Amino acid sequence: MGLFERSLPDIHLTRLADLAVNWGRASSLWPMTFGIACCAIEMMAVGASKFDMDRFGAGAFRATPRQADLMIVAGTVNAKMALVVKRLYDQMAEPKYVMAMGACTVGGGPYWKHGYNVVKGIDKFVPVDVHVPGCPPRPEAVLEGVRFLQRKIMAKRVLTRGEHHAPDFTGVSIAPGTVGILEPTVRVTTASPPAPSPATAGAQA
Amino acid sequence: MTAAEILATLEKDGQGEGLALFAGPQDPALVVPRERLRAVMTHLRDARHLAFDLLVLVTGTHMTEKKDAKSQAIVREQHFEVIWHLRSVRHRCVLAVKTKLPFSDPEVDSVADLWPAANWHERETFDLVGITFRGHPDLRRILLPDDWVGHPLRKDYVYPREYRGINLEVDAPWPTP
Amino acid sequence: MADSVTAAAPLPTPSRPADPTAGAAPGRPPDTFVDVRTQELQINMGPQHPSTHGVLRVALWVDGEIVTRADPDIGYLHRCAEKIGENVSYIMYVPYTDRYDYLAAMNNNLGYCLAVEKVAELEVPERAQYIRTIAVELNRIASHLMAVGTYGLDVGAFTPFFYAFREREEILRLLEWICGARLTYNFIRIGGVMRDAPEGWVADILKFLDDFERKLDEFDDLLTHNHIFVQRTADVGVIPIEKALAYGLTGPNLRGSGLRYDLRREAPYLLYDRFEFDVPVGTGMKGTLGDCWDRYWVRMLEMRESARICRQAIAQLPEGGEIMAKNVRHLAFKSKPGEGYVGIENPRGEFGYYLISEGGSSSYRSRIRAPSFCNLSILDAILPGTMLGDAVAIIGSIDIVLGEVDR
């Protein structure tokens, strides 16, 4: 947006401009074909005809990072590959989003203990917008992740000033006790689980 | 053809010097001393009645020292072992060939010119276990990055904490309630 | 990962005729030949590439369109499978075996379990063996569908990919019905299978197989004899038999070169000696024997044979029976000391598992013979001399899965 980014005052009218821009961005997320391992097969299944991802606008897979805005990292990332992932992330143009698909990218997956060269979670070197757990996640879970990301994008402020709106996650399932879904870019590394937030406390009660 | 029969055939062919049979539980294997390896392998491939033309697998193992539980005597010295599995398409059998290498000098002849399939297998054995193959055309790491330090499949390998700035550590798991 | 452009010696100039007026025709000016200084270019194919079937990097040195040297660089998916095998107990290792060749996960489970059963001297009950056969052959069909679908995608045909995935989704639904997972099944366990066939599973498989042969004919119409596909794959990437054997090629790659070698026939495991099936080989129908089209054709025919084996297994499936060997305490399973190698016929070739056990609860050494690892090593022998577009067709026809190559 350049010149006009974060320049308009925060009133209802300009919020419409925000919504228009965000709607455009969210409804045509172009993923980069970045299948690394088994999750790549489920990513292909999401793109195929039974669980069509194209109906959410995210069907145009681009092979080059220059033309993509969503990097779905699907598969285990190890030390040799991490350098490549970082380079591809840097080559993408703003606005860019990252989906960590599969348990390996979320926290190392089954290789968390004895994988001597596996990076235990890609958020150690790229900022991640949505984590989709599963090994491999079902195509429906990937679609849920894309929907989740779309709602997060709709809540952003692009043209107006002020804090980001709270995303509307009604209808998106949040398992009780899960942390990190509401603030995906914050990585929790403390030894004890943090205090439950109101949303999860409500689900548990 | 079982390993015992192949050993008998090799002895009849005059190649049996120094060979032994590892009759161990389950799969038997032909034990070949390091110096006789190339001669035996060439014969196994070229002789028409043996015709082992498909190299299936090359394995390297780090065998640690084993002590007897009561007497603390050393039952097995620390050494390396390389095991080749060969298949004969014509005679429909598979043979395991083993050789022992001393721990201080893990070097053995390469068979990459006999079976080009061995090229990548030997590179992988060098990469993960640290066994060098004399006469290999291009012995360099294959699975790990070129500047990786250490050979992971050795039993005394310490997992690295980072590689070129990328954190490879495991986060401590949360305590279960 | 240095990808600098190597400045090689300038290539010799193309030979020109001694007479500079060669090519002159009445009314046409003579041809002029200009000295062009060329340089070999090194380009990277992968690791992020739509046609490398995973994270494979092939460093190519090209002279114009012709590849002069190829160096496959693997290891981008190395997941320490062999180290994990030494540290994790036998039953806990079964899910890891799913993830090598994730397209044929049942076959990997089977190879591992057969090796452990060989060393631990376990006997698997008959009904479990039949269910294993059905699962493994269904998975072979699914894997070949994926192979031919993505191969069409590589050479530019988008529609066969969706047709193949449509059938594959049906198979995945059947496999999910019996074990709960679509891709990484963890179904074939040490001593038997995880769960008995539910009501209606077998009937649904028969219904699928009845429809499947007709769908394969449809696929054939679309891709196999398509003029463009034939031109892109026939006479490309010819692998003669001796070279295939020397480089350790197995599976459809070896059979595409003409050698009728299938481990289900040569060294039958499971119950394959009770079934009647043919082993298809390449015949050079569209071009030279051992070209890409032959390997593709072998995969298409193998799907039909797998359907045949499935039908026979279902017909012979015993009514009741155990699905797990006796006295296998999985959570405290200790194997007997010994060494064993078992090689089975995976959709991509000979999958082998070499187990050295010292009687503990985890193996002392697990070595995996991955067919794609051995099949891939032939690339640096056959790629030089081909054109860049053909390189993509060749890599697709070898049908590699990087999870297996790197383990």
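Here the structure is a predicted model, which is why all the values come from computation and not from measurement.

1. Focus on the overall build of chain B
Check the secondary structure of chain B and you find three helices and eleven strands. When the helices and strands of chain B are read in sequence order from the N terminus, they spell out α-β-β-α-β-β-β-β-β-β-α-β-β-β. Judged by the C-alpha coordinates and their principal axes, chain B covers about 65 × 45 × 35 Å. In chain B, buried positions account for 37% of the 177 residues.

2. A look at the overall build of chain C
Secondary structure summary: chain C contains 15 helices and eight strands in total. With the principal axes as the frame, chain C shows a C-alpha extent of 90 × 45 × 35 Å. Across the 407 residues of chain C, 54% fall into the buried class. The contacts of chain C with a sequence gap of at least 6 include a subset with a gap of at least 24, amounting to 72%.

3. Topic: the sheet that holds strand β2 (residues 57-63) of chain C
Sheet strands pair via backbone hydrogen bonds, and the direction of the pair is either parallel or antiparallel. Residues and elements named next belong to chain C. In spatial order, the strands read β1-β2-β3; together these three strands make up an open sheet with antiparallel pairing. Edge positions in the sheet fall to β1 (41-45) and β3 (66-73), since each of these pairs with one other strand and no more. Between one strand axis and the next, the sheet turns through 25° on average, direction left out of account. Here seven bridges tie β2 to β3, and the two strands are oriented antiparallel to one another. Each bridged residue has a counterpart across the sheet, and for Leu60 the counterpart in β3 is Ala70.

4. Overview of the confidence of the model for chain B
Scored by pLDDT, chain B has a mean of 88; 97% of the residues are at 70 or more. Within chain B, strand β4 (residues 66-67) of chain B has the poorest average pLDDT of any element, 82, and helix α3 (residues 118-128) of chain B the best, 94.

5. Describing the interface of chain C and chain B
Size of an interface: often given as the accessible area lost when the parts come together. At the interface, 33 residues of chain C touch 26 residues of chain B. Elements with a minimum of two residues in the side of chain C that touches chain B: α1 (81-87), α3 (105-120), α8 (241-246), β6 (338-346), β7 (349-357), β8 (365-369) and α12 (371-376) of chain C. Considering every element that reaches the side of chain C that touches chain B, the biggest residue donor is β6(C), with five residues. Tallied by class, the residues present in the side of chain C that touches chain B amount to 14 nonpolar, eight polar and eleven charged.

6. Quick look at the sheet that holds strand β1 (residues 31-32) of chain A
Residues and elements named next belong to chain A. A sheet is described by the order of its strands in space; here four strands give the open sequence β1-β2-β3-β4, paired in parallel fashion. Two strands lie at the open edges of the sheet, namely β1 and β4 (130-132), each paired on one side alone. Here three bridges tie strand β3 (residues 97-101) to β4, and the two strands are oriented parallel to one another. Bridging across to β4, Met101 finds its partner in Val132. Docked against the sheet, helix α5 (residues 139-154) engages β3 and β4, running at close to 170° with respect to β4.

7. Thoughts on the pairing of strand β6 (residues 79-88) of chain B
Two faces make up the sheet, and in a regular strand the side chains alternate between them. All names here are of chain B. Counting buried residues along β6, eight of its ten residues qualify, which places the element largely inside the surrounding structure. As judged from the nine bridges shared by strand β3 (residues 54-63) and β6, these two strands associate in the antiparallel manner. Each residue of the ladder has a partner; that of Leu54, found in β6, is Arg87. Joining the antiparallel neighbours β6 and strand β7 (residues 93-102) is a turn of four residues, in which Arg92 adopts a positive phi near 55°.

8. As for the pairing of β3(A)
Residue and element names in this part refer to chain A. Most of β3 is tucked away, with five of its five residues classed as buried. Side chains Tyr97, Met99 and Met101 project from β3 onto one buried face, and the interleaved Val98 and Ala100 project onto a second face that is buried too. Sheet topology places strand β2 (residues 70-74) next to β3; five bridges connect them, and they run parallel. In the strand pairing of β3, Ala74 is matched with Met101. Considered for its hand, the β-α-β crossover made up of β2, helix α3 (residues 79-91) and β3 is right-handed.

9. Re the packing of helix α1 (residues 12-27) of chain A against α5(A)
Residue and element names in this part refer to chain A. Two numbers describe how α1 lies on α5: the axes approach to 8 Å, and their chain directions differ by 160°. Relative to α5, α1 is oriented roughly antiparallel. Considering only the axes of α1 and α5, their crossing is right-handed. Here Asn22, Trp23, Arg25 and Ala26 of α1 come into contact with α5, specifically with Gln150, Ile153 and Met154. Within the contact of α1 with α5, the residues separate by chemical class into four nonpolar, two polar and one charged.

10. Let's talk about the packing of helix α2 (residues 38-47) of chain A against α5(A)
All names here are of chain A. Running from N to C, α2 and α5 cross one another at 75°; their axes reach a closest spacing of 9 Å. Taken together, the axes of α2 and α5 lie roughly perpendicular to each other. Residues Glu42, Met43, Ala45 and Val46 of α2 pack against Pro139, Val142 and Leu143 of α5.

11. What about unusual backbone geometry?
Of the consecutive residues A:Glu94 and A:Pro95, the connecting peptide bond is found in the cis state with omega at -10°. With respect to the secondary-structure elements, A:Pro95 resides in the loop between α3 and β3. For B:Ala51, which is not glycine, the phi torsion reads 50° and is therefore positive. Residue placement: B:Ala51 occurs in the loop between α2 (37-46) and β3. Positive phi outside glycine occurs at C:Leu270, with the angle close to 55°. Mapped onto the secondary structure, C:Leu270 falls in the loop between α10 (263-266) and α11 (292-316). Taking the number of C-beta atoms within 10 Å as the measure of exposure, C:Leu270 has 18 and is therefore partly exposed.

12. Overview of the nonpolar core
Ranked by internal contacts, the top residues of the largest apolar core, which has 212 residues, are A:Val73, A:Met99 and A:Met101. The leading source of residues in this core is helix α4 (residues 126-155) of chain C, at 15 residues. With sequence-adjacent residues up to four places away left out, A:Met101 is seen in contact with A:Cys39, A:Met43, A:Ile72, A:Val73, A:Ala74, A:Val132, A:Pro137 and A:Val142.

13. So, the environment of C:Arg264
All names here are of chain C. With respect to the helices and strands, Arg264 occurs in helix α10. Between the alpha carbons of Arg264 and Ile344 there is a distance of 7.3 Å; along the sequence they are 80 residues apart. Non-local contacts of Arg264, meaning those with residues more than four positions away in its chain, are made with Tyr272 and Glu345.

14. Let's talk about α5(A)
Its 16 residues place the ends of α5(A) 23 Å apart at the C-alpha level, agreeing with the 22 Å of an ideal helix rising 1.5 Å per residue. Of the surrounding elements, those touching the buried residues of α5(A) are α1, α2, β3 and β4 of chain A.

15. Topic: the confidence of the model for chain C
Residue and element names in this part refer to chain C. When pLDDT is averaged along chain C, the result is 87; 91% of the residues meet or exceed 70. Confidence, read as mean pLDDT per element, is least for β1 in chain C (89) and greatest for α11 (94). In the predicted structure, residues 1-8 sits below a pLDDT of 50 and forms ten contacts with residues beyond four places in sequence or in another chain. Across the interface, the model reports ipTM at 0.90; the global pTM reads 0.86.

The rules behind the values
- Here the residue index of a chain counts from 1 through its sequence in written order.
- Working convention: letters from A go to chains and numbers from 1 go to ligands, in the order in which they are written.
- Given that this is a predicted model, residues contribute local features only at a pLDDT of at least 70 and side-chain atom pairs are listed and counted only at 80 or more, while totals for whole chains, interfaces and linings are drawn from all residues.
- The helix count covers DSSP runs of H or I at least four residues long, the strand count covers runs of E at least two residues long, and both are numbered beginning at the N terminus.
- Backbone-placed C-beta atoms define the burial measure: a residue is buried with 20 or more other C-beta atoms within 10 Å of its own, exposed with 12 or fewer, and partly exposed in between.
- Contact definition: two residues whose C-beta atoms, as placed from backbone geometry, lie within 7 Å.
- Whether two strands pair comes down to DSSP finding at least two bridges between them.
- The angle between two axes is taken between their N-to-C directions and runs from 0 to 180 degrees, where each axis is a line fitted to C-alpha atoms and a helix contributes only its stretch in contact.
- Confidence scores labelled pLDDT are given residue by residue by the predictor and lie between 0 and 100.
- Charged means Asp, Glu, Lys or Arg here, nonpolar means Ala, Val, Leu, Ile, Met, Phe, Trp, Tyr, Cys or Pro, and polar covers whatever is left, Gly included.
- Crossovers are marked right-handed if the path from the first strand over the helix to the second runs clockwise, as seen with the strands pointing away from the viewer.
- Angle categories are assigned with fixed cut-offs, so that under 35 degrees is roughly parallel, over 145 is roughly antiparallel, 65 to 115 is roughly perpendicular, and the rest are oblique.
- Here is the rule for handedness: rotate from the far helix to the near one, and if that takes an anticlockwise turn smaller than a right angle the crossing is left-handed, while a clockwise turn gives right-handed.
- Here a nonpolar core is just a set of buried residues of the types Ala, Val, Leu, Ile, Met, Phe, Trp, Tyr and Cys, joined wherever their C-beta atoms sit within 7 Å.
- One less than the residue count of a helix, multiplied by 1.5 Å, gives the span that helix is expected to have.

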